[in-house]
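# Structural characterization, general
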Amino acid sequence: MKDKRLYLFISLSIGLAGLLVLSWIATTRAAVQAAPADVAPQVWEAVAGGGEAEFLVILDEQADLSEAAALPDREARLRTVYDRLRETARRTQAPLRAELDAAGVTYRSFYIVNAVAAKGDRALVERLAARPDVARIAANPSVRQDLPESTPGELDSAPAAVEWGVERVNAADVWALGYTGEGIVVAGQDTGYDWDHPELKNQYRGWDGVIATHDYHWHDAIHSGGGVCGADSPEPCDDQGHGTHTMGTMVGDDGITTTSQIGVAPGAQWIGCRNMNQGVGTPATYIECFEFFLAPYPIGGDPAADGDPAKAPHVINNSWVCPPDEGCDPAAIQLMQMTVENVRAAGIVVIASAGNEGSICSSVMYPPAIYDAAFSVGATDSGDAIASFSSRGPVTVDGSDRRKPDVSAPGVSIRSSRRGGGYTYMQGTSMAGPHVAGTVALLWSS
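An account of the accompanying structure is given in this report. (Residues numbered from 1 in each chain as written. Predicted model: local features only at pLDDT ≥ 70, side-chain atom pairs only at ≥ 80, totals over all residues. Heavy atoms only, no water.)

With that settled, consider the sheet that holds strand S1 (residues 53-59). The strand order S2-S3-S1-S4 describes an open sheet built from 4 strands, whose pairing is antiparallel. Of all the strands in the sheet, the pair left with one neighbour each is strand S2 (107-110) and strand S4 (134-139). Going across the sheet, the axis of each strand differs from the next one's by a mean of 25°, ignoring polarity. Pairing between S2 and strand S3 (residues 115-120): 4 bridges, direction antiparallel. In the strand pairing of S3, Ser-109 is matched with Val-116. Running over the sheet, helix H8 (residues 283-294) touches S1, S2, S3 and S4 and is turned about 45° from S2. (Pairing = 2+ DSSP bridges. Helix = DSSP H or I, 4+ residues; strand = E, 2+ residues; numbered from the N terminus. Axes fitted to C-alpha atoms, helices over the stretch in contact; angles between N-to-C directions. Contact = heavy atoms within 4.5 Å.)

Encoded structure:
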């Protein structure tokens, strides 16, 4: 009897072990199963074994904006692009959104490019990828930016000097003609902005000299986390300091110290969007900021219903990149390219920092600087030499051999506004781009 019980115990143990092995094999096969051609491999891997992932659903139909380029009137062009993009998204996304609503899926719909950001498991990914109206599923990775840090030389007050970079782009020659950027609105998507910094406050479009109104002038694309700013900040806030520095170079002017000048276009106004959570962004946050700029809307408003394209900026600075080694897959890169092209179709200049991967050739290799629709900027030093860190062209990662950067500008040891007050020095193509955005403001103002 004892031997019989031992035999049964051993048999059951072997059987159980066999079942566990089979289960493990089945799970492993599911995990390593090749991703469908229209699903980003990293999304497929993330949802293996019951996991969930954030992803971007790109619809097959995209708006045709070819007629917009022929419109000479700025406001009519903006309105045409806005309406055409919204109509396409509203019409084609309805069935997809109905399915997501029925499944209780959390998602955000975009119109600036026909896509939806969602979160779900493998079953949802498979179901959405199989839809005839869906072109592909792209990854929405968290992208950590290698942002320039402050270099020694922080100051509490402004030195009595016009910054060398401001002088080098010949801004003073345009000021002498009576143009400092009046009538032009510059925008930036970055780590946020310290809006009431003395160098930025008077130029903030939401400030009338007495009351601050942030509707249509500020948007926060960070919906969780957010560091010292928290999530969905109702007023401009900078959780890292990079954005405050870049905006100072574009428009900085304290209105008091006439012998000091950090901004290229001090007469322009600015609006902003936070696209990074303490230096970490996603393709979705970058796209969300572009959508806000095309037709700004109130805090908490509906982009597709409450947007006002008449309040769009003339030029947008983008001192950020989206490297493939941080998870930006080809589909997400193409989605952002369509977004930038749609913004340019509306007549808005998109400035992009070339990147700090130099000095080898073809080191301009990250979005948005690689796009033809972006005006890409390398960095120079005070001796007019290309900075050693500044990325070079041509662009080979997409096979285009496109000549980039389009121009270079001051980007070494740049003094500008510091988060919390005062001034600090930074360097990088992140600092060069704002010089060009300010120059665009001066040219259009004149």
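Okay, the packing of H8 against helix H10 (residues 330-345) next. Packing of H8 against H10 leaves a shortest axis separation of 10 Å and a crossing angle of 10°. On the basis of the axis angle, H8 is roughly parallel to H10. Across the interface between the two elements, Pro-283, Tyr-286, Ile-287 and Phe-290 of H8 pack against Ala-332, Leu-335, Met-336, Thr-339, Val-340 and Val-343 of H10. Looking at the contact of H8 with H10 residue by residue, the classes come out as 9 nonpolar, 1 polar and no charged. (Parallel < 35°, antiparallel > 145°, perpendicular 65-115°, else oblique. Nonpolar A, V, L, I, M, F, W, Y, C, P; charged D, E, K, R; others polar.)

Another aspect to go through is the state of the cysteines. This model, assessed by the stated rule, comprises 3 disulfides. Each sulfur of the disulfide joining Cys-229 and Cys-237 lies 2.1 Å from the other. Between Cys-229 and Cys-237 the disulfide shows an S-S torsion of about -85°. By sign, it is left-handed. For the pair Cys-229 and Cys-237, a shared accessibility class is recorded, and that class is buried. (Disulfide = S-S within 2.5 Å. Buried < 20%, exposed > 50% of the residue type's maximum accessible area, 1.4 Å probe, protein only.)

Buried residues dominate strand S9 (residues 269-274), accounting for 5 of its 6 residues. In the sheet, strand S7 (residues 185-190) pairs with S9 via 6 bridges, with the strands oriented parallel. Bridging from a neighbouring strand, Gln-189 pairs with Cys-273 of S9. Note: strand S8 (residues 218-220) against S9, 3 bridges, orientation parallel. Within S9, the residue paired with His-219 across the bridge is Cys-273.

Take the layout of surface pockets next. There is about 550 Å³ of room inside the largest pocket. Taken together, 22 residues line the largest pocket, and the ones lying closest to its centre are Glu-54, Asn-140, His-223, Thr-282 and Thr-285. Elements represented by at least two residues in the lining of the largest pocket include exactly S1, S2, S3, strand S10 (280-281) and H8. Of the residues that constitute the lining of the largest pocket, the class distribution is 9 nonpolar, 9 polar and 4 charged. (1 Å grid on protein atoms, 1.4 Å probe; cavity = no way out; pocket = protein on both sides within 12 Å on 5 of 7 lines; lining within 4 Å. Points joined across faces, edges and corners; volume = space filled by probe spheres on them.)

Before going further, it helps to examine the sheet that holds strand S6 (residues 151-155). Strand order in the open sheet formed by 3 strands is S6-S16-S15, with antiparallel pairing between adjacent strands. Each having just a single partner strand, S6 and strand S15 (414-417) make up the two edges of the open sheet. Direction aside, neighbouring strands of the sheet carry axes that sit 30° apart on average. Where S6 meets strand S16 (residues 423-426), 2 bridges bridge the pair, whose relative direction is antiparallel. The partner of Thr-151 across the bridge, within S16, is Tyr-425. Most of the contacts of helix H7 (residues 242-251) go to S15, to which it runs at about 105°, and overall it touches S15 and S16.

Our next topic: a negative patch on the surface. Together, Asp-146, Glu-149, Asp-325, Glu-326 and Glu-357 make up a region of like negative charge exposed at the surface. On the secondary structure map, Asp-325 appears in the loop between strand S11 (315-318) and H10. The exposed category is assigned to Asp-325, whose relative accessible area is 62%. (Patch = residues over 30% accessible without salt bridge, like charges linked within 9 Å, V, L, I, M, F, W, Y side chains within 5 Å. Areas by Shrake-Rupley, 256 points an atom, 1.4 Å probe, with all protein chains shown as cover. Salt bridge = Lys/Arg side-chain N within 4 Å of Asp/Glu carboxyl O. Lys, Arg positive; Asp, Glu negative; His and termini not counted. Charge placed at Lys NZ, Arg CZ, Asp CG, Glu CD.)

It is worth spelling out the packing of aromatic side chains at this point. Tallying each qualifying case throughout the model produces 9 aromatic pairs. Ring geometry for Tyr-193 against Trp-270: centres 5.5 Å apart, planes inclined by 55°, an arrangement best described as tilted. Of this pair, Tyr-193 sits in the loop between S7 and S8 while Trp-270 is found in strand S9, placing the two residues 77 residues apart along the sequence. Like Trp-270, Tyr-193 is buried. Ring centres of Phe-292 and Tyr-297 lie 5.4 Å apart, and the angle between their planes is 85°; this geometry places the pair in the edge-to-face category. Pair check on accessibility: Phe-292 and Tyr-297 agree, each one buried. Grouped by ring-pair contacts, the aromatic residues Tyr-193, Trp-195, Tyr-204, Trp-207 and Trp-270 constitute a single cluster. Between Arg-122 and the ring centre of Trp-44, over which it is positioned, the NZ or CZ distance is 3.8 Å. (Phe/Tyr/Trp six-rings, centres within 6.5 Å; stacked < 30°, edge-to-face > 60°. Lys NZ or Arg CZ within 6 Å of the ring centre and 35° of its normal.)

Let us look at the side chain of Lys-404. In this fold, Lys-404 is placed in the loop between strand S13 (375-380) and strand S14 (407-410). Its relative accessible area of 6% is what places Lys-404 among the buried residues. Only 2.9 Å separates the side chain of Lys-404 from the backbone oxygen of Tyr-371, close enough to count as a polar contact. Side chain to side chain, Lys-404 and Asp-406 meet in a polar contact 2.8 Å long. (Polar contact = N/O pair within 3.5 Å; in protein donor to acceptor, adjacent residues only side chain to side chain.)

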